There are 2 protein chains.
Amino acid sequence: MMRLLNHPPRDSLSLSRVLYALSDPVRLTIVKSIAAQGEQACGTFGLPVAKSTASHHFRVLREAGVIQMRAEGTQYMNSLRREDLDSRFPGLLDAILTAPEPV
Amino acid sequence: MMRLLNHPPRDSLSLSRVLYALSDPVRLTIVKSIAAQGEQACGTFGLPVAKSTASHHFRVLREAGVIQMRAEGTQYMNSLRREDLDSRFPGLLDAILTAPEPV
DNA sequence: CCTATTGTTCTAAAGTTATAAAACAATAGG
DNA sequence: CCTATTGTTTTATAACTTTAGAACAATAGG
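Just so it is clear, the structure is predicted and the values come from calculations on it, not from any experiment.

Visitor: Looking at this model, I keep getting lost on the relation of the copies chain B and chain A. Mind explaining?
Guide: For these two chain copies, the linking operation is a rotation about an axis paired with a shift along it. Note on the identical chains: chain B maps onto chain A by a rotation of 180 degrees and an axial translation of 0.0 Å, with an RMSD of 0.0 Å. On this basis, the relationship between the two copies can be described by a two-fold rotation axis. When you check the interface residues of chain B against chain A, 100% turn up at the interface there too, and the contact is symmetric in its surfaces.

Visitor: Honestly, the pairing of strand 2 (residues 67–72) of chain A in this entry has me stumped. Any pointers?
Guide: Looking along a regular strand, one sees side chains alternate from face to face of the sheet. Judged from the 6 bridges that link them, strand 2 of chain A and strand 3 (residues 75–80) of chain A form a sheet pairing that is antiparallel. When the sheet's bridge partners are listed, Arg70(A) is paired in strand 3 of chain A with Met77(A).

Visitor: Can you help me understand the environment of Phe45(B) in this one?
Guide: Residues and elements named next belong to chain B. Along the chain, Phe45 falls in the loop between strand 1 (40–41) and helix 3 (51–64). Owing to a relative accessible area of 12%, Phe45 belongs among the buried residues under this scheme. Apart from the residues within four sequence positions on either side, Phe45 is in contact with Ile30, Ser33, Ile34, Gln40, Phe58 and Asn78.

Visitor: What am I meant to see in the pairing of strand 3 of chain A here?
Guide: Residues and elements named next belong to chain A. Taking burial as the measure, the 6 residues of strand 3 include 5 buried ones, the bulk of the element. Relative to strand 3, strand 1 (residues 40–41) runs antiparallel, the two being bridged by 2 bridges. Its bridge partner being in strand 3, Gln40 is matched across the sheet by Asn78.

Visitor: Looking at this model, I keep getting lost on the sheet that holds strand 1 of chain B. Mind explaining?
Guide: Strand pairing in a sheet relies on backbone hydrogen bonds. The paired strands run either parallel or antiparallel. All names here are of chain B. With antiparallel pairing, 3 strands are arranged side by side in an open sheet as 1-3-2. Single-partner strands in this sheet number two, and they are strand 1 and strand 2 (67–72). Packing of helix 2 (residues 25–37) onto the sheet brings it into contact with strand 1, strand 2 and strand 3 (75–80), and relative to strand 3 it is tilted by some 80 degrees. Sheet contacts for helix 3: strand 2 and strand 3; angle to strand 2, the most-contacted strand, approximately 120 degrees.

Visitor: What am I meant to see in the packing of helix 1 (residues 15–22) of chain B against helix 3 of chain B here?
Guide: For any two helices packed against each other, the geometry comes down to the angle between their axes and how far apart the axes lie. Residues and elements named next belong to chain B. Remark: helix 1 packs on helix 3, axes separated minimally by 9 Å, with the N-to-C direction vectors making an angle of 155 degrees. Accordingly, the angle class assigned to the pair helix 1 and helix 3 is roughly antiparallel. Classified by chirality, the crossing of helix 3 by helix 1 is left-handed. Together, Arg17, Val18, Ala21 and Leu22 of helix 1 and Val60, Leu61, Glu63 and Ala64 of helix 3 make up the contact between the two elements. Residues of the contact of helix 1 with helix 3, tallied by class, amount to 6 nonpolar, no polar and 2 charged.

Visitor: Explain the interface of chain B and chain A to me, please; I cannot follow it from the model alone.
Guide: When the parts of a complex come together, some accessible area is lost, and that lost area is often used as the size of the interface. The partner chain A presents 23 residues to the 23 residues of chain B that form the contact. Of the roughly 1700 Å² buried at the junction of chain B and chain A (both faces included), carbon and sulfur atoms supply 66%. Joining chain B to chain A, the criterion identifies 0 salt bridges. Applying the counting criterion to the chain B and chain A interface returns 0 residue pairs in polar contact (both at pLDDT 80 or more). Contributing elements (two or more residues each) for the side of chain B that touches chain A: helix 1, helix 2 and helix 5 (92–97) of chain B. Its residues assigned to classes, the side of chain B that touches chain A shows 16 nonpolar, 4 polar and 3 charged.

Visitor: Where do I start with the sheet that holds strand 2 of chain A in this structure?
Guide: All names here are of chain A. Judged by pairing direction, the sheet is antiparallel, and its 3 strands sit side by side in the order 1-3-2 without closing on themselves. Two strands bound the open sheet, and with one partner strand each, they are strand 1 and strand 2. Relative to the sheet, helix 2 (residues 25–37) contacts strand 1, strand 2 and strand 3, its axis offset from that of strand 3 by approximately 80 degrees. Each of strand 2 and strand 3 is contacted by helix 3 (residues 51–64), which is oriented at about 120 degrees to strand 2, the strand it contacts most.

Visitor: What's the story with the pattern of salt bridges in this structure? I'm lost.
Guide: Pairing between side chains of opposite charge can happen when their charged atoms approach one another. In the structure shown here, the tally under the stated rule is 12 salt bridges over all chains. Salt-bridge contacts for Glu39(B) lead to Arg70(B); the nearest nitrogen and oxygen are separated by 2.7 Å. A residue pair is termed long-range when its members are at least 10 positions apart, and Glu39(B) in the loop between helix 2 and strand 1 and Arg70(B) in strand 2 qualify at 31 residues. The class for Glu39(B) is partly exposed, based on a relative accessible area of 36%. Residues Arg81(B) and Asp84(B) are paired through a salt bridge, measuring 2.9 Å at the closest nitrogen-oxygen approach. One continuous salt-bridge network, built from bridges that share partners, spans Arg10(A), Arg81(A) and Asp84(A).

Criteria and cut-off values
Residues numbered from 1 in each chain as written. Chains lettered and ligands numbered in written order. Predicted model: local features only at pLDDT ≥ 70, side-chain atom pairs only at ≥ 80, totals over all residues. Heavy atoms only, no water. Least-squares fit on C-alpha atoms with pLDDT ≥ 70 in both. Contact = heavy atoms within 4.5 Å. Pairing = 2+ DSSP bridges. Helix = DSSP H or I, 4+ residues; strand = E, 2+ residues; numbered from the N terminus. Buried < 20%, exposed > 50% of the residue type's maximum accessible area, 1.4 Å probe, protein only. Axes fitted to C-alpha atoms, helices over the stretch in contact; angles between N-to-C directions. Parallel < 35°, antiparallel > 145°, perpendicular 65-115°, else oblique. Left-handed = near helix turned anticlockwise from the far one by under 90°. Nonpolar A, V, L, I, M, F, W, Y, C, P; charged D, E, K, R; others polar. Buried area = accessible area lost by both parts, 1.4 Å probe. Salt bridge = Lys/Arg side-chain N within 4 Å of Asp/Glu carboxyl O. Polar contact = N/O pair within 3.5 Å; in protein donor to acceptor, adjacent residues only side chain to side chain.

The following block contains the structure:
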């Protein structure tokens with residue numbers, strides 16, 4: 001469905017963009033789900049939004065450098081860019097993933 | 001200038017709100033400055049925005065629970081809610097404060 | 001009191017983002 | 001090929017954010 005997936009290189013990841021990407025509850029849900037279950041296709045998250053909206057959120061996460069997307073058949077598999085994030089922002093992802101969720 | 005400063009209690013701090021508050025470069029500048037220099041009045045940050053805009057940013061940080069503001073004479077002194085943040089989101093603030101800044 | 005200092009609030013404009021419907025694209029499987 | 005599946009892109013809208021000018025409020029200091 002898409003030719004080129006733009007993934008920013010590790011050294012150009014921006015803290016502000018990463019924080020912004022993770023500040024949305026839908027996107028945080030996506031990230032937590034990948035962190036807990038590993039690589040997943042976009043359709044497997046049970047998100048409470050239309051697929052065009054979900055696609056937007058995946059794009060924001062990808063362009064911020066939080067997730068890696070790769071085409072596989074008709075689907076897109078999403079994984080966390082853990083090494084890149086840990087390398088550039090040590091401790092950040094872990095702190096966010098272990099934070100208490102509801103209020 | 002203001003009667004009641006609303007500071008959310010520690011247990012109601014929301015991760016999404018905190019991340020959102022810190023995802024703005026102006027606000028991150030404020031937080032880093034307080035972290036480095038300790039308590040500071042609003043006027044001492046040299047922010048590249050009008051004072052009404054600065055006031056807005058301080059409010060976002062305060063209402064997210066990131067900073068504590070207290071009146072002192074005609075000024076407002078701002079400090080980091082370090083203990084509350086560390087208690088509720090262990091490691092988050094440190095990860096953000098030690099992150100590389102430019103690109 | 002009068003004035004300066006410090007920052008807030010109000011108002012409004014400009015910009016950005018989240019949302020989804022509809023159309024499209026790519027692949028897999030008959 | 002034809003169809004279903006999966007997700008993207010386009011387009012539009014509603015909601016929210018950033019920004020700042022102007023007016024206001026509180027305190028400190030003559």
